[in-house]
Amino acid sequence: CKSRTVFCAHTKKSTFLGLKGKFTMIDDLFEKARKLPGCVTFPPAEPEQFKTVDSFLSSRKFAALPDDYRKFLRLSNGYIFNGIEFMGTVVHQRIEKRYVFPDIIQINKPYSKYEYFREKMLIGRVSESFIIYDRLNASYALIDRINLRTRIELKSFADLFLGLLKLTETDS
């Protein structure tokens, strides 16, 4: 991988979550990750939900949902684990936690007036960072919420997902 990071799911071997060898499919990684204690997943996204998000993103000049993130949302329409949050196509009411988990539209709406976010899209957050997709660079990035500096940049969602999960493994 030609990424500014130490994680690369496609070229480096890993034993994270008991998976040995190379990761190329988000399905395999998700199947293991969803079983982690405390992980919250949601029902898969529906085609109509994608249409609503696509319409919002294009009308505000955000990047379109990339194919690999769509694939992830077809597995779970949002994801929460150990401070990692990936937004889905709908808002989720977590009544037992007294928490409303925003969707892609809600998390992006406040940023539609800023030039920096043109052709980009927020897909999640981790602690004091945003997780974005940048269409022009065809990459995912973890950026600082305050100064918007890139901390990590990766070419695939699988690489990003794996890298973030590895970070939570070392925090434990």
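Residues numbered from 1 in each chain as written. Predicted model: local features only at pLDDT ≥ 70, side-chain atom pairs only at ≥ 80, totals over all residues. Heavy atoms only, no water.

### So, the environment of Met-25
Operational definition: Per the convention used, a helix needs a DSSP run of H or I reaching at least four residues, while a strand needs a run of E reaching at least two, with both numbered from the N terminus. Only protein chains enter the accessibility calculation, which uses a 1.4 Å probe; a residue is then buried when its area is under 20% of its type maximum, exposed when over 50%, and partly exposed in between.
Within the secondary structure layout, Met-25 lies in the segment before α1 (26-33). With a relative accessible area of 38%, Met-25 lands in the partly exposed category. Met-25 sits 132 residues away from Phe-157 along the chain, and the two C-alpha atoms are 9.9 Å apart.

### Considering the confidence of the model for the chain
Inclusion rule: Known as pLDDT, the predictor's confidence for each residue is given on a scale from 0 to 100. Residues count as neighbours in contact if any of their non-hydrogen atoms are within 4.5 Å of one another.
On average, the chain scores 85 in pLDDT, and the residues at 70 or more come to 84%. Note that pLDDT drops below 50 for residues 1-24; the model gives that stretch 55 contacts with residues more than four away or on any other chain.

### Remarks on the packing of α1 against helix α3 (residues 67-75)
How two helices sit against one another is set out by the angle between their axes and by the gap between those axes. To be explicit about the condition: The angle between two axes is taken between their N-to-C directions and runs from 0 to 180 degrees, where each axis is a line fitted to C-alpha atoms and a helix contributes only its stretch in contact. In what follows, roughly perpendicular refers to angles from 65 to 115 degrees, roughly parallel to angles under 35, roughly antiparallel to angles over 145, and oblique to any angle outside these ranges. In a left-handed crossing the near helix is turned counterclockwise from the far helix by less than a right angle, and in a right-handed crossing that turn is clockwise. Lys, Arg, Asp and Glu make up the charged group, whereas Ala, Val, Leu, Ile, Met, Phe, Trp, Tyr, Cys and Pro make up the nonpolar group; the residues left over, Gly among them, are polar.
Close contact between α1 and α3 brings their axes to 10 Å; oriented N to C, the two are set at 40 degrees. On the basis of the axis angle, α1 is oblique to α3. The element α1 and its partner α3 pack so that their crossing is right-handed. Of the residues in α3, those touching α1 at Ile-26, Asp-27 and Phe-30 are Lys-71, Phe-72 and Leu-75. Split by residue class, the contact of α1 with α3 holds four nonpolar, no polar and two charged.

### Description of the pairing of strand β7 (residues 129-134)
Rules: One bridge is not enough; two strands pair if DSSP finds at least two bridges between them.
Across the six residues that make up β7, a large majority, six, are buried. Remark: two residues form the turn of the hairpin made by strand β6 (residues 120-126) and β7, two consecutive strands paired antiparallel; Ser-127 in that turn has positive phi of roughly 50 degrees. Pairing geometry for β7 and strand β8 (residues 139-144), over six bridges, is antiparallel. Across the sheet, Ile-131 pairs through a bridge with Leu-142, a residue of β8. As consecutive antiparallel partners, β7 and β8 are separated by four residues, and within that stretch Ala-138 has a phi angle of approximately 50 degrees, a positive value.

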